[in-house]
Amino acid sequence: MVASADGCVAKGGARLPGQKGPGPSHPALPPFMYRLVPKGGGVECTLGVPDSGEPTPHLLIFPSQPVQTKALGKSALLTCRADVENIELIQDLKWIDPNGRTVEHDSEGQDSSELKRRMYTEIMPGGDLALFIKSLTETEAGNYTCEAIYANTDTLRKIVRIETIEAITFVDAPEEQYPILGAPFKVKCLVKANPAPIVDWYKNSEMIQTDHHYVVETDGLLIKNVTEMDDGVYNCRAIVIKSGELNDRSIRVEVHVPPRFQEPLQTLEAVEGKATSMTCLAVGKPPPIYSWIKSSTKEDLSNPTNPSTAGRFSVDKNTGVLNILSVHREDEGELKCVAENAAGKIEQSAQLSVIVPPRVLSLANASMATGKSGMLTCRASGMPPPVIHFKRYGSQTRFVAGGQPDDDHVYVEPVAITDADKFIEGEEVTAGANFVVQNAIRSDDGLYWCVAQNKGGEDQRIGHVTVEFSPSFASSPMKQVWSWHNNPVNLTCLAESIPNATITWWLNGRNVENDQNMLKIGNGPESTLTVTPYDQRYYGIYVCRATNVHGDAEHEIQLREAHRPSEVLQAKLEVITATTITFSFIGPRENGGLPVRAYAVQYKEERKTWNEARNKTWFIDSPYILEGLEPQTSYNFRFAAKNDVGLGEWSADEHHTMPKRSNPEEPKILSSGILGSHPGPESEVVMSPYVNRFELRWKIPADNGEPIDKYDIKFCPAKKTSEGWKESDKCDTIELKSHDHTAHELRNLQANTHYKIELRAHNGIGYSTPGQIIVKTARDPTSNTASDPYMKEESTALSSGIIIGIVVAALVIVLIIIDMSCCVVNRAGLLAMICLKNKKEPKEQDIKNECSREQEPLKTINSNKYSVHDEEMQRTEAPLIPTENVKRDTAVDFDFKNATSRTTFVKNSAV
């Protein structure tokens, strides 16, 4: 049996397809022209040219290109598939590498061999055999063969060639590059590939070629003279034509501009002890970084190491601001600002001048007697030397140098600084001035400020000008003091003087300080004498005598004895109910030296004695109301006034029998103080602050002998008419059972509506007279229409009245015109009857004249008001038209708002 197609060739021939019987053998043909065909449990060697219905067994490789180019370091996948009629006859499907080695199968890819980890086969779904190559190397390039045995005899092979290339690699092509303005610069882009790549350049989608500005070189793009226009994004593109590989690199080119100061630094004046800052501003690209240097010490103030500057100096490297937390005098001098970026470095200097704030070093007080002279001397330090001013305490007006414009007895003079007073408390004196007072008066006494001022601020110190003077009691108000019943009393006097005066007390020409019934507290300038007047000798005029080196003065205080007030002149019974009486009083003739504090009443039933009487006291100006009296009971009353000494004699006796029990008094509705009370012409209207509710408050009225058991509240919508407030018929009533109610909230009211509210109290006898109040609720802000029904009625009524008035007026005018025509032409009508006053029929001319005179009132008709007044008609002997009832007179008033017609009837009249 022939084992393979090669065997068929070695045998020298084969029976051709369709040949019958033995025949000459077929001449030897190439192996691919033969194939093995299964037949009867064996195979037959036949020509390789298949019949049209029988496909030739072969292998397929995917991808199908016979030569495949792969980049080094990349992965490759080759899949081998048997294209045969019966796939079950395929055996020993495998891949062979370029070195003739079979690539082993590794289903999990976890072999330890490096090669096996990078190159292995796997059986894919459907029976395909896949070759995996990870990270191709140059040694792995070559022919790869897929081989299989078909039907145990036929060997199938398929070869594919893998060629490796080196992928495009950007070796030196930074994505951000920074040329310097005005200098040449090469934009780097070194590309490596195998085969060698072609490199070209683009900017803004336009290709760059070598010209006067750009030179394209193998390792980059040379810019001959960099300008700011060269900013942008460049594309370095590499192409390998043989492999069809394309890659590019975007390179952002940012032109760096050397820093440049925008403006020169100015001298900075800083105040000692204060914070300050200095700004150094430069422009450049990229923005420069700043540092500051102290020229005298070469110290970098961005990172100070000197203990005197560390912690006080700081530099913002991004903005160029130098901050000094607290300026010292030794900071004065030159400071250097350095601005630096990738394109260059510049520097400039500025002078720091330290201002020393002023300080008042000394201000001595001055003392002088009235009419004498003295001065305040002020010394101060500071740099520059401060200007010294003086001003009075509590005033903002400063004294000017030299004499004052309105007072030449005070002037300010400068002081020259000598070596003797060059330093005070270790500070150098740089300025001085004197405040001089000549012929001093008392008003010069007081506190004065010395104010030293320069660019660094101001300092001030207060001094005292003392003007000595003799004692005065101008500020001692006590003139008269009262005492009674041996009560101790204090007599106080205050003496103004400089120096302080010594005070002594005198009574009737003798010093009383040693009297055992008197106690002196304080010898001056204030002194109090406590007197206990045991008898009349201690009442009188006390003298407070003050003495100092400049003189003395006296002040008199009269000590008087107080008494109880005299009798009350009259007590009036003002308001009387069944259980209460309200009084008013005409006070006593004498108050005993002290004001009346209260009034008292003593009262009893007529049948009882005064020992059984009851008392009540009212403070002055309070309501004098006596409550708790019994109805239909007779009482006796007597009254007394009271001051701090005591109660006066009982007087002003009164006798009164109380009324019988009756209805309660009218409740007093409390409307004062309600939020929103109407201030205008409707002052009787209380405005509710709420849209739909109102709190009604009242004072409990007198019950007139029977306890109040309930209250009735009636409230109705109302409108204002000429006769007062008119209620609607839609009223509500609330009954409050408790007697101690003093308030109730009415709810569910209409917005922007007037309400008439009546409150009645009830006891066992009946209801009280109602207390009344008119309330208007607030407008509803969510509604534009008025909710007051009466407002709508008035509006409707007004419109109807106008229409009716216009119609009536028009009719009356038409009737008047017709009547006038009848009067003139036919001597008939109402005017004709008026004209015929005599019994005889007047002549036609007389009637015309009368009618003409009757037309005069019509001339007063204007656009606002029309009126016609007819005189009383007289009966005529020859009436034109006799009637039983004829209208006698008519009056019409029309003002576009109202129309009124008044008519009477006259029998047997002629029209």
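Just above, that's the structure.
Student: Explain the overall build of the protein chain here, please?
Tutor: Helix and strand content of the protein chain: 5 helices and 68 strands. Within the protein chain, the proportion of its 911 residues that are buried is 38%. The long-range share in the protein chain, meaning contacts at least 24 apart out of those at least 6 apart in sequence, stands at 61%. Of the roughly 51000 Å² that the protein chain leaves accessible, carbon and sulfur atoms contribute 50%.

Student: Could you clarify how one ought to interpret the sheet that holds strand 54 (residues 625–626) in this entry?
Tutor: Strands belonging to one sheet form pairs held by backbone hydrogen bonds; the direction of such a pair is parallel or antiparallel. Pairing is antiparallel in the open sheet, where 3 strands are placed in the order 50-51-54. A single partner strand is all that each edge strand has here, and the edge strands are strand 50 (568–576) and strand 54. As judged from the 7 bridges shared by strand 50 and strand 51 (residues 581–588), these two strands associate in the antiparallel manner. By the bridge assignment for strand 51, Gln570 is matched with Ile586.

Student: Even after reading the chapter, I still don't get the sheet that holds strand 47 (residues 526–531), so can you show me in this structure?
Tutor: Read from one edge of the open sheet, 3 strands run 42-47-46, paired in antiparallel fashion. The open sheet terminates on both sides in strands that have one partner only, identified here as strand 42 (489–494) and strand 46 (518–521). In this sheet, neighbouring strand axes are inclined to one another by 15° on average, regardless of whether the strands run parallel or antiparallel.

Student: Explain the pattern of salt bridges here, please?
Tutor: Any two side chains of opposite charge can pair if their charged atoms end up close together. For the structure on display, the rule yields 39 salt bridges. Here Arg747 and Glu745 are joined by a salt bridge, their closest N and O atoms 2.5 Å apart. Residue Arg747 is classed as exposed on the basis of its relative accessible area of 52%. Within the structure, one salt-bridge network assembled from shared partners comprises Glu272, Arg329, Arg359, Glu425 and Glu427.

Student: Would you mind showing me how to read the pairing of strand 46 here?
Tutor: Every regular strand shows the same layout, with side chains that alternate between the two sheet faces. In terms of strand pairing, strand 46 meets strand 47 through 4 bridges, oriented antiparallel. Within strand 47, the residue paired with Lys520 across the bridge is Leu529. Between strand 46 and strand 47, which pair antiparallel in sequence order, lie 4 residues; one of them, Gly522, sits at a positive phi of approximately 90°.

Student: Would you explain unusual backbone geometry in this entry?
Tutor: Note: most peptide bonds trans; most residues except glycine with negative phi. A cis amide bond, omega 5°, links Asn194 with the succeeding residue Pro195. Tracing the sequence through the fold places Pro195 in the loop between strand 13 (190–194) and strand 14 (198–203). Residue Gly524 is joined to Pro525 through a cis peptide bond whose omega torsion reads 0°. By the element assignment, Pro525 lies in the loop between strand 46 and strand 47. The residue Asn486 is not glycine, and still its phi comes out positive at about 65°. If you trace the backbone, Asn486 turns up in the loop between strand 41 (480–483) and strand 42. When its relative accessible area of 37% is taken as the criterion, Asn486 is described as partly exposed. A positive phi angle, close to 55°, is found at Gln632, a residue other than glycine. As for its placement among the helices and strands, Gln632 is situated in the loop between strand 54 and strand 55 (634–642).

Student: How should the environment of Ala751 be read in this particular structure?
Tutor: With respect to the helices and strands, the residue Ala751 is situated in the loop between strand 63 (743–746) and strand 64 (754–763). Classification of Ala751 by relative accessible area gives buried; the value is 12%. Sequence spacing of Ala751 and Thr777 is 26 residues, and the spatial spacing of their C-alpha atoms is 5.4 Å.

Student: Which parts of the structure should I look at to understand a nonpolar patch on the surface?
Tutor: On the surface, Tyr393, Leu447 and Ile462 cluster together to form a nonpolar patch covering roughly 270 Å² of accessible area. Examined against the element boundaries, Tyr393 turns out to sit in the loop between strand 32 (387–392) and strand 33 (398–399). Accessibility expressed as a relative area gives 52% for Tyr393, which makes it exposed.

Student: Explain the state of the cysteines here, please?
Tutor: Every disulfide links exactly two cysteines, by a covalent bond between their sulfur atoms. Summed over the entire model, instances satisfying the criterion amount to 6 disulfides. Between Cys378 and Cys450 runs a disulfide, and the two sulfur atoms are separated by 1.8 Å. Taking the sign of the S-S torsion, -75° for the link of Cys378 and Cys450, the bridge is left-handed. On the criterion of sequence distance, the pair formed by Cys378 in strand 31 (residues 374–383) and Cys450 in strand 39 (residues 446–454) is long-range, its members being 72 residues apart. When its relative accessible area of 0% is taken as the criterion, Cys450 is described as buried. Cys493 shares a disulfide with Cys544; S-S distance 1.9 Å. Residues Cys493 and Cys544 share a disulfide whose torsion about the S-S bond is about 45°; that sign makes it right-handed. Here Cys493, found in strand 42, pairs with Cys544, found in strand 48 (residues 540–548); they are 51 residues apart in sequence, far enough to count as distant. Overall, the relative accessible area of 1% leaves Cys493 in the buried class. For Cys544, a relative accessible area of 0% puts it in the buried group.

Student: Just to check I follow, could you spell out the side chain of Ser381 for this structure?
Tutor: Inspection of the secondary structure assignment puts Ser381 in strand 31. A relative accessible area of 4% means that Ser381 is categorised as buried. In contact with Ser381, not counting residues within four places along its chain, are Pro357, Pro358, Arg359, Leu361, Pro386, Glu427, Glu428 and Thr430.

Student: Honestly, the environment of Arg697 in this entry has me stumped. Any pointers?
Tutor: The residue Arg697 is located in strand 59 (residues 694–699) in this model. Exposure remark for Arg697: the relative accessible area of 28% places this residue in the partly exposed category. The sequence separation of Arg697 and Lys668 amounts to 29 residues, and the corresponding C-alpha distance is 8.8 Å.

Student: I keep staring at the nonpolar core and nothing clicks. Help me out?
Tutor: Side chains that are nonpolar tend, in soluble globular proteins, to be buried together. Leu59, Leu78, Ile90, Trp95, Leu131, Ile133 and Tyr144 are the most contacted members of the largest nonpolar core, which totals 23 residues. Secondary structure elements with two or more residues in this core: strand 3 (58–62), strand 5 (76–83), strand 6 (90–96), strand 8 (129–133), strand 9 (142–150) and strand 10 (154–172). Once residues lying within four places of it in the same chain are set aside, the contact partners of Leu78 are Phe62, Pro63, Gln68, Trp95, Leu129, Ala130, Leu131, Tyr144, Val160 and Ile162.

Student: Help me understand the packing of aromatic side chains, please; the structure alone is not making it clear to me.
Tutor: Any pair of aromatic rings gets described here by the distance separating the centres and the angle formed by the planes. Taken as a whole, this structure holds 21 aromatic pairs when the rule is applied. Note on Phe583 and Phe585: the rings are 6.4 Å apart at their centroids and 25° apart in plane angle, and the pair reads as stacked. The class of Phe583 is buried, set by a relative accessible area of 3%. The ring of Trp610 carries Arg638 above its face, with NZ or CZ at 4.1 Å from the centroid. Taking the ring centre of Tyr690 as reference, the NZ or CZ of Arg693 above it sits at 3.7 Å.

Student: In this structure, what is going on with the pairing of strand 22 (residues 276–279)? I would like to understand it.
Tutor: On strand 22, burial follows the alternation: Thr276 and Met278 on one face are buried, whereas Ser277 and Thr279 on the facing-out side are not. Taken together, the 4 bridges between strand 22 and strand 27 (residues 321–324) define a ladder with antiparallel strand orientation. Note on strand 27: the bridge partner recorded for Thr279 is Val321.

Definitions and cut-offs
- Residues numbered from 1 in each chain as written.
- Predicted model: local features only at pLDDT ≥ 70, side-chain atom pairs only at ≥ 80, totals over all residues.
- Heavy atoms only, no water.
- Helix = DSSP H or I, 4+ residues; strand = E, 2+ residues; numbered from the N terminus.
- Buried < 20%, exposed > 50% of the residue type's maximum accessible area, 1.4 Å probe, protein only.
- Contact = heavy atoms within 4.5 Å.
- Areas by Shrake-Rupley, 256 points an atom, 1.4 Å probe, with all protein chains shown as cover.
- Pairing = 2+ DSSP bridges.
- Axes fitted to C-alpha atoms, helices over the stretch in contact; angles between N-to-C directions.
- Salt bridge = Lys/Arg side-chain N within 4 Å of Asp/Glu carboxyl O.
- Patch = residues over 30% accessible without salt bridge, like charges linked within 9 Å, V, L, I, M, F, W, Y side chains within 5 Å.
- Disulfide = S-S within 2.5 Å.
- Core = buried A, V, L, I, M, F, W, Y, C linked by side-chain atoms within 4.5 Å.
- Phe/Tyr/Trp six-rings, centres within 6.5 Å; stacked < 30°, edge-to-face > 60°.
- Lys NZ or Arg CZ within 6 Å of the ring centre and 35° of its normal.

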